[in-house]
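Notes for the structure review
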Amino acid sequence: MFILDNVPLSSYSTMRLGGKAQHFTEVNDRNEMASAINWALDQNMPFRVIGSGSNIVWTDDGFPGLLIQNKIQGFGTQNLTEAEVYITAGGGMSWDDFVAKTTELGLTGLEMLSLIPGTVGATPVQNVGAYGQSVSDTLVTLEVYDSQARDFVTLRASDCQLGYRTSIFKTSQQGRYAITGATFFLRHGNPQPPYYSALQQYCEARNLTELTPKAAREAVIDIRASKLPDPAVIANCGSFFANPVIPESQLLDLQTSYPEMPYWPIEGTNTVKIPAAWLMEAAGFKDYHDQATGMATWHAQPLVVINESAISTAQLLQFRQKVMDSVQQKFGITLTQEPELLGS
Ligand SMILES: Cc1cc2nc3c(=O)[nH]c(=O)nc-3n(C[C@H](O)[C@H](O)[C@H](O)COP(=O)(O)OP(=O)(O)OC[C@H]3O[C@@H](n4cnc5c(N)ncnc54)[C@H](O)[C@@H]3O)c2cc1C
């Protein structure tokens, strides 16, 4: 195991900010994952397993422990019937390469999750979702290293409390498991229309009535590329705020002043979800460039906060507060950050 010291964390967050990791290592197989975690445990040292850092903001103080980057590759298929397949991937495999392979095989179930940055092993952590599909729709099992038992175990998806941008990996069992592999249940066939609204509109404009998984992937890539910045070029972590959930009674009050406010009812809960992008735009943060901090919002999607010239996470947090205060003052709604703020 090769361990580096004092490694800049800006290379391990697509926001490109943060202090230093006390120690850093890369793992390429299960044994290396177990050794790295045991090395930290033996010294009572904190550790953190990451993929590509597309959903992490590091503090300026850095990470006082061992940062472990998961690079475990692998791809396998197991036919269940003529139409149904189990697909397994290594936790460190690029998520988008994985989705591409499944669509090449004519499998449906993951095509709407195309062009999402990151690794396979990170997707269950916040139950990645887009265009009407979520990882929880098709995930069957996870192979994980359990740092409490110091052993590999298999978790069923149903054990992971996968919800809207959440799971046990972010809540009750945070930091316990390192995800080394994931198995999905996919089917041969096409995704069924009507599709998620943006994709449906895209198809109608082009007279496309039925999409193969590969064609759906290409359409999603086309739509996403027109709306979202490429993190390899522009520093960002995708959606910076989660869509807030408020009581229906609060929505009714707000509608007297903002009748056009969009919302999605959440069945059986007396609550509704409000698009954070709409709140930010209405609060004046569309294509907003903050000279004081070097942070900005992406012109085609205000929910994406981009780092134009900030050099510290403190600047990002200052901008975050500015947005949150404005939305709070205007609507009485508290925004919460979606990418995790990690470090000391
Ligand atoms: C431009 C852009 C668009 C995006 N679009 C979407 C979207 O449409 N939908 C969506 O849901 N997300 C989206 N995201 C967020 C992000 O891509 C996903 O959350 C992705 O799954 C993160 O993968 P990662 O490998 O970069 O994880 P990291 O950022 O490295 O890690 C995220 C969290 O998962 C943990 N983790 C990572 N790997 C493991 C592992 N193997 N075992 C245990 N814990 C682990 C980390 O400790 C951390 O807590 C977007 C991000 C960007 C930059």
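Notes on the structure in this doc start here. All values reported here derive from a predicted model rather than from experimental measurement.

Rules used in this analysis
- Residues numbered from 1 in each chain as written.
- Predicted model: local features only at pLDDT ≥ 70, side-chain atom pairs only at ≥ 80, totals over all residues.
- Heavy atoms only, no water.
- Pairing = 2+ DSSP bridges.
- Helix = DSSP H or I, 4+ residues; strand = E, 2+ residues; numbered from the N terminus.
- Axes fitted to C-alpha atoms, helices over the stretch in contact; angles between N-to-C directions.
- Contact = heavy atoms within 4.5 Å.
- Near = heavy atom within 4 Å.
- Polar contact = N/O pair within 3.5 Å; in protein donor to acceptor, adjacent residues only side chain to side chain.
- Areas by Shrake-Rupley, 256 points an atom, 1.4 Å probe, with all protein chains shown as cover.
- Salt bridge = Lys/Arg side-chain N within 4 Å of Asp/Glu carboxyl O.
- Buried < 20%, exposed > 50% of the residue type's maximum accessible area, 1.4 Å probe, protein only.

Across the sheet, 4 strands lie side by side as E1-E2-E5-E3; this open sheet has mixed pairing. The sheet is open, and its two edges are formed by strand E1 (4–8) and strand E3 (47–50), each paired on a single side. Each strand axis lies, on average, 40° off the axis of its neighbour in the sheet, ignoring direction. Of the strand pairs in this sheet, E3 and strand E5 (residues 63–70) are connected by 4 bridges, and their pairing is parallel. Residue pairing in the sheet places Ile50 in a bridge with Gln69 of E5. Across the sheet, helix H1 (residues 30–42) lies against strand E2 (20–27), E3 and E5, angled at about 175° from E5, the strand it touches most.

This brings us to the site of the ligand. Around the ligand there are 32 residues in total, and Val49, Ser54, Asn55, Thr119 and Glu340 lie nearest to it. For the ligand, an oxygen atom lies 2.7 Å from a polar atom in the backbone of Val49. One nitrogen or oxygen atom from the side chain of Arg224 is found 2.9 Å from a nitrogen atom belonging to the ligand. Starting from 980 Å² of accessible surface for the ligand in isolation, the protein chains cover 95%. Elements supplying a minimum of two residues to the shell around the ligand: E3, strand E9 (129–130), strand E13 (177–188) and strand E14 (235–239).

Take the pattern of salt bridges next. Enumeration over the complete set of coordinates arrives at 8 salt bridges. Here Glu84 ties to Arg187 by a salt bridge, and the two come within 3.7 Å at their closest N and O atoms. With a gap of 103 residues between them, Glu84 in strand E7 (residues 84–90) and Arg187 in strand E13 connect regions that are remote in the sequence. Glu84 sits in the partly exposed class, given a relative accessible area of 24%. Arg187 gets classed as partly exposed once you look at its relative accessible area, which sits at 44%.

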